[in-house]
Amino acid sequence: MKLNLSTDSVRLLIPALSLTVLLCAVFYLQPRAMSYTGLNLLFNLAVPITLATIAQMLIMTVNDLDLSMGTFVSFVACVAATFLPTDPLIGAAILLAAIAAYAVLGIVIHVRELPSIVVTLGMSFVWGGLAVLILPAPGGQAPVWARLLMTSKPPLVPMAIVASIVIAVVTHFIVMRSSFGVLIRGVGGNTRSVERAGWSIIAARGGAYALAAFFAVLAGIALVGLTTSADANIALRYTLLSIAGVILGGGEFVGGRVSPVGAVIGALTLTLAGSFLSFLRISPDWQIGAQGAILIIVLALRLLLNRLEKREKGR
Amino acid sequence: MNQAMNSHSQSVPVVEARDVKVSFGAVRALAGVDLVIRPGECVGLVGHNGAGKSTIVNVINGGLSPHEGTIAYKGEERGRTGIAAARGHGIRCVFQELSLCPNLTVIENTRIMHRALTGWGWRGRAAAAIRSKLDEIFPGHRIDCSRAVGDLSIAERQMVEIATAFADVGQAPKLVILDEPTSSLDASLAEQLLAHVRTYVAGGGSVIFISHILGEVLSTATRIVVMKDGRVVADRPTAEFTQAGLVQAMGSVVAEKKDARVARALTTSEPILSLPPRHGRGLPFKAFRGELVGLAGLSGHGQTDMLVDLYHSRSGNWLRRGNPQVAFVAGDRGYNGTFPLWSILNNLSVASLTDLSRASLIDERHEVELGEEWKRRIAIRTPDMENGILSLSGGNQQKVLFARALAVRAPIVLMDDPMRGVDIGTKQEVYDIVRSEAENGRTFIWYSTEMDEICICDRVYVFNSGAIVAELTRNDINEENILAASFTEAVTREAVA
């Protein structure tokens, strides 16, 4: 049976399995979580993390890494909590400019052959500084529509789940099925051959970065919609969370091997791991370490599966 | 065929390069090349590594703009140049090193290579196109087009790349450039490809065919262009060439059949290296001191796996042994051979750093001496060993990998088809070194897909489906016996016992 599975489905198996196991453990520890409200509470904060993970995944598709994801989402949150409700036009213009800035970054990184890690690390201070300039003290107010959207209660299935599924389907279509998705994954896999086929790598890189920025903007707005106010440091931990989410979901740092569905599942797993540890009553001092241990276990499982797969292929 | 030639002699050339000059820094890669390709001809392009074949190909496919001279597609003298323009005129290229995206499926790679595949339903159209082309060129290929290219074997990847180049997706190919297309295909697949090239050319298409296997060029091309030092030195119909004539035109000594190796009595009866039968089938493996053992058979039938197993059996798994037992010469340079960012010297000395260091610090003077010694011994063509490894041509990079393995004191050298795509001159130089090292008592285990390399070995093991099916010695080693053995099934051990 296993022989017939494609590499991609094997890649998805581990994240899906770990999410299920974690979910079962949470339900066992706290049976009341097994309800509409419970699920909503468990996964509420997953929506912005999922969007940020997708953004990071797009950058990783073209073999780069974005270390400014956290500060960028914070910056967007600050814009969303200040300009968007009062002057929607100015707010939208700022966000569009930010997306354009990302596209330019992608082009500069490609043309000047700069390491993306260095450039985005530098940009993280720029975004952080801009966020403080816009919102020096925590506060602001979420746009009404964002608040309504994030707190809406669709029938049967909670908002967080619906949003995750929509994000997974839409990004799967963009990254795995569309021509543009094939192009940017091709750039990640073998830039030279894509170039030899007559494509513009500059456009592909710029496009990937702009699309990533678009999803990061959605992440910032979703976050403000949930928290109702913003702070310049609100999403700092998203940088590492998003990278971990992509890797957890079966993506790889280089080679254009990514999986949007996996990334969404990875982000959900990371969110759930936090709640799981709280339910276990592990003291907050140990929680980060324990979260790391969960990550290591899941990644070790993936390595094991890769090895099994290789052995079967060799047969 | 003749009729096709006549009717096309007046027609507009597919591509016309006039007095093209290209130089990289001080190195003149092309010193004024004229090359005209007309519809319905297959032009064989031969020459040593570094003769300028790849450069002229890159000029024709638009990847490189000539510093002087002109390039015209379909007679448009002042037309656009560049990759997109060349592809727009139906020029397709299969490169020497495989150039597909390993993370994408076969279908998605087709999409990347064919920009004309747009709009809804491109997946279906791409799948139909690539499948029918694969079926047409390589009947019975068994490649699943929905699989990622990285999961395919190296021969299958090459087949996919060839089929992609010939595929007609909204825009028919006019000129297909094949750069060493058969180097990773075995004999039967290569013959299928050559047959397809002949029908394609007979149908009015054009092909530029680059190969170091002169027999293929002579049997397939309608016209042969010989290049040397960035110039065209001969350009005549194939009928006017013979194998010896071609080699002479390329400017290298005719390779005479070497069986001058004196049969030496094997002084030790104890094998230096041995392995039980693979997967419980076939014959066991043994190698003695000072022997040249060849691994033959169709490509991808377990030869590389056995080399890797031999390597692991004699080298520490976790810790490096102080006194290395085996050295490995990689065949896939990009994959497990060179360090692309390092200098030639560092690439050469990396395996012998323990010998070169004192108190775990590298003695740089020693390292430079080692580099100079090997540069002289195997003639690495570079002004300075500190240059990057990628500044060398493919054959010279391969020499550096050889030097790396030979510089180690290891008594056993494993070679994983390292002469793929290397020119005859370099090959002869390496054969001589291998022979003299074997005389000095080193053991070479040599997997090769080329018959003349197998024929200089002392003993040959023939592989089929992962097992050794035959052992040939000395006088029995010839093409006929090896081919016959390649198609015999391995006997199961249990059945024998």
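None of the values given here were measured: they were computed from a predicted structure.

*Asks:* Looking at this structure, how should I read the overall build of chain A?
*Replies:* Looking only at helices and strands, chain A has 14 helices and 0 strands in total. A compact globule built from 315 residues should have a C-alpha radius of gyration of about 20 Å, and chain A, at 20 Å, falls within 12% of that. Expressed as lengths along the three principal axes of its C-alpha atoms, the size of chain A is roughly 65 × 55 × 40 Å. Looking at chain A residue by residue over its 315 residues, the buried ones come to 47%. Residue pairs in contact within chain A that sit at least 24 positions apart in sequence constitute 79% of those at least 6 positions apart.

*Asks:* Where do I start with helix α11 (residues 201–227) of chain A in this structure?
*Replies:* Spacing of three or four residues puts side chains on the same side of an α-helix, whose turn is 3.6 residues. All names here are of chain A. Helix length check: α11, at 27 residues, gives a terminal C-alpha distance of 39 Å against a target of 39 Å (1.5 Å per residue), a fit within 8%. Taking burial as the measure, the 27 residues of α11 include 21 buried ones, the bulk of the element. Where α11 ends, the next residue or the one after it, T228, has phi of about 65 degrees, a positive value.

*Asks:* Quick question: what am I supposed to make of the sheet that holds strand β17 (residues 443–447) of chain B here?
*Replies:* Whenever strands of a sheet pair, they do so through backbone hydrogen bonds, lying parallel or antiparallel. Residues and elements named next belong to chain B. Read from one edge to the other, the open sheet built from 6 strands follows the order β13-β16-β17-β12-β18-β19, with strand pairing classed as mixed. At either margin of the open sheet sits one strand with a lone partner, and together these are β13 (326–329) and β19 (467–473). Each neighbouring strand pair of the sheet contributes to a mean axis angle of 20 degrees, computed without reference to strand direction. Note: β13 against strand β16 (residues 412–416), 4 bridges, orientation parallel. Note that in β16 the partner of A327 across the bridge is V413. Lying over the sheet, helix α10 (residues 303–314) contacts β12 (292–296), β13, β16, β17 and β18 (459–464), oriented at roughly 155 degrees with respect to β16.

*Asks:* Teacher, can you tell me more about unusual backbone geometry here?
*Replies:* Among all residues except glycine, the phi angle is most often negative; among peptide bonds, the trans geometry is most common. One non-glycine residue, E113 of chain A, adopts positive backbone phi at about 55 degrees. Since 7 C-beta atoms lie within 10 Å of it, E113 of chain A is described here as exposed. The phi torsion at D19 of chain B lies on the positive side, around 50 degrees, for a residue other than glycine. Within the element layout of this structure, D19 of chain B appears in strand β1 (residues 15–24).

*Asks:* So what exactly am I meant to see when it comes to the nonpolar core here?
*Replies:* When a protein is soluble and globular, its nonpolar side chains tend to lie buried together. The biggest cluster of nonpolar side chains holds 170 residues, and the ones touching the most others in it are V76 and A216 of chain A. Setting aside chain neighbours within four positions, we find A216 of chain A in contact with A52, A55, M69, F72, V73 and V76 of chain A. Listed in part, the 57 residues of the second largest apolar core include L310, L345, Y447 and I454 of chain B.

*Asks:* Where do I start with the domain arrangement of chain B in this structure?
*Replies:* Interface extent is often summarised as the accessible area lost during association of the parts. Along its sequence, chain B is carved into domain 1 (2–250) and domain 2 (273–496). For domain 1 of chain B versus domain 2 of chain B, the distance between C-alpha centres works out to 31 Å.

*Asks:* When you look at the sheet that holds strand β3 (residues 42–46) of chain B in this model, what are you seeing that I'm missing?
*Replies:* Residue and element names in this part refer to chain B. Strand order across the open sheet formed by 6 strands is β5-β6-β7-β3-β8-β9, with mixed pairing between neighbours. A single partner strand is all that each edge strand has here, and the edge strands are β5 (91–94) and β9 (231–237). The sheet shows a mean angle of 15 degrees between the axes of neighbouring strands, direction not considered. Across 6 bridges, the pairing between strand β8 (residues 223–228) and β9 is antiparallel. If you follow V226 over to β9, its bridge partner there is A234. On the sheet, helix α2 (residues 53–60) packs against β3, β5, β6 (175–179), β7 (206–210) and β8 and is oriented at approximately 155 degrees with respect to β6. Taken strand by strand, helix α6 (residues 154–166) contacts β5 and β6, and its axis lies near 175 degrees from that of β5.

*Asks:* How should the environment of L64 of chain B be read in this particular structure?
*Replies:* Mapped onto the secondary structure, L64 of chain B falls in the loop between α2 and β4 (68–73). Taking the C-alpha atoms as reference points, L64 of chain B and T81 of chain B, 17 residues apart in sequence, are found 9.4 Å from one another.

*Asks:* Even after reading the chapter, I still don't get the interface of chain B and chain A, so can you show me in this structure?
*Replies:* Each partner contributes residues to the interface: chain B has 20 residues there, and chain A has 19 residues. At the level of elements, α3 (83–88) and α4 (106–113) of chain B are the ones that each hand at least two residues to the side of chain B that touches chain A. Examining the composition of the side of chain B that touches chain A, we find that 4 residues originate from one element, α4 of chain B, more than from any other. Residues of the side of chain B that touches chain A, tallied by class, amount to 10 nonpolar, 4 polar and 6 charged.

*Asks:* Any chance you could explain the confidence of the model for chain B here in plain terms?
*Replies:* Fine structural detail should not be taken from predicted coordinates in areas where pLDDT scores are low. Residue and element names in this part refer to chain B. Looking at chain B, pLDDT values average 81 and 88% of them are 70 or higher. Mean pLDDT per element in chain B: helix α19 (residues 493–496) is the minimum at 40, and β7 is the maximum at 93. Here residues 253–265 scores under 50 on pLDDT; set against residues more than four positions off or in separate chains, the count is 9 contacts. This prediction of the complex comes with two scores: 0.76 for pTM and 0.88 for ipTM.

*Asks:* Would you explain the pairing of β7 of chain B in this entry?
*Replies:* Within a regular strand, side chains alternate between the sheet's two faces. All names here are of chain B. Of all 5 residues that make up β7, 5 are buried, and the element is covered over most of its length. Alternating residues of β7 divide into S206, I208 and I210 and V207 and F209, and every residue in both groups is buried. Sheet topology places β6 next to β7; 5 bridges connect them, and they run parallel. From the neighbouring strand, L178 faces β7, where its bridge partner is F209. With respect to chirality, the unit in which β6 leads through helix α7 (residues 187–202) into the neighbouring parallel β7 is right-handed.

Thresholds applied
Residues numbered from 1 in each chain as written. Chains lettered and ligands numbered in written order. Predicted model: local features only at pLDDT ≥ 70, side-chain atom pairs only at ≥ 80, totals over all residues. Helix = DSSP H or I, 4+ residues; strand = E, 2+ residues; numbered from the N terminus. Rg over C-alpha atoms; globule rule 2.2 N^0.38 Å. Buried ≥ 20, exposed ≤ 12 C-beta atoms within 10 Å, placed from the backbone. Contact = placed C-beta atoms within 7 Å. Expected span 1.5 Å × (residues − 1). Pairing = 2+ DSSP bridges. Axes fitted to C-alpha atoms, helices over the stretch in contact; angles between N-to-C directions. Core = buried A, V, L, I, M, F, W, Y, C linked by C-beta atoms within 7 Å. Domains from an automatic or database assignment. Nonpolar A, V, L, I, M, F, W, Y, C, P; charged D, E, K, R; others polar. pLDDT = per-residue confidence, 0-100. Right-handed = clockwise from strand over helix to strand, strands pointing away.

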